[in-house]
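# Topology and contacts: notes
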Amino acid sequence: MKKIGLVGGISWVSTLDYYKFINEGVNAKLGGLNAAECIIYSLNFGDIQAQGWVNSFGLLLNACEHLKNSGADRIVLCANTAHLFAERLQNTLKLPIIHIGTETAKAIQKAGFKRAGLIGTKFTMEMDFYKNKLEEYGLEVLTPEHQETKDYIQHTVKDELGVGLINPETKVRYISIVEELIVRGAECIILGCTEIPLLLSQDDFTIPVFDTTKIHCEAIVEYIVS
């Protein structure tokens, strides 16, 4: 098996899902008592919040260097927003990163959809690093139109989902946000934050939902056992 280095803690809540899904996936492939050989460097999310995402390259690089020095064959950033630095980290480390945006785009393309609604952190929705990956695969990306809506998602991801708090009122609001994207023509929905699947799932919608955490983990499992 290949050895994976996971940069977690962003947040620790979704890192639990990564560890669970990866190990379940490897065991489903190999059976017996087989599980993933992996290394987790769990960042203090508070440090990233204190510095701001755009100033956090050094924190992520330090984590990745520890993983590389520990023998990781590939790096995984366990957060969509962390992929703001994916290419820069990969070029600096000279070690490949399994990119969550690329894997999500490939899954949507394989399913035959062209127009995707994206919800995630403000950075994932507003900056080009994520949307460009999707557009490379011929996808048109729709995000919420109003800044207040984006700010609301950012606030609830950070202060509720990021600490494991599931608020029924927040779920109702998220569903209404997604429904607005559907009205605007979204053929499918990307849960573009690894915490959002704690709140929403395919069961909440009639159009296809792409859970980036699960998609990422499936790609990681395929690499591990390749």
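About the thresholds
Residues numbered from 1 in each chain as written. Predicted model: local features only at pLDDT ≥ 70, side-chain atom pairs only at ≥ 80, totals over all residues. Heavy atoms only, no water. Domains from an automatic or database assignment. Contact = heavy atoms within 4.5 Å. Buried area = accessible area lost by both parts, 1.4 Å probe. Salt bridge = Lys/Arg side-chain N within 4 Å of Asp/Glu carboxyl O. Helix = DSSP H or I, 4+ residues; strand = E, 2+ residues; numbered from the N terminus. Buried < 20%, exposed > 50% of the residue type's maximum accessible area, 1.4 Å probe, protein only.

Right, let's get into the domain arrangement of the protein. Domain assignment breaks the protein into domain 1 (4-99 + 215-225) and domain 2 (101-211). Taken over C-alpha atoms, the centre of domain 1 sits 21 Å from the centre of domain 2. Domain 1 puts 20 residues into the contact, and the matching count from domain 2 is 24 residues. Taking both sides of the interface into account, the surface hidden between domain 1 and domain 2 amounts to around 1800 Å²; carbon and sulfur atoms contribute 61%.

In this section: the pattern of salt bridges. In this structure the tally under the stated criterion is 9 salt bridges. Between Arg 115 and Glu 140 there is a salt bridge, and its shortest N-O distance comes to 3.1 Å. Pair noted here: Arg 115 is in strand β4 (residues 115-120) and Glu 140 is in strand β5 (residues 140-142), with a separation of 25 residues, a long-range link. Judged by its relative accessible area of 30%, Arg 115 falls in the partly exposed class. A salt bridge links Arg 173 to Glu 148; its shortest N-O distance comes to 3.1 Å. Taken together, the residues Arg 173 in helix α9 (residues 168-183) and Glu 148 in helix α8 (residues 147-159) connect sequence positions 25 residues apart. Classification of Arg 173 as partly exposed rests on a relative accessible area of 26%. Overall, the relative accessible area of 49% leaves Glu 148 in the partly exposed class.

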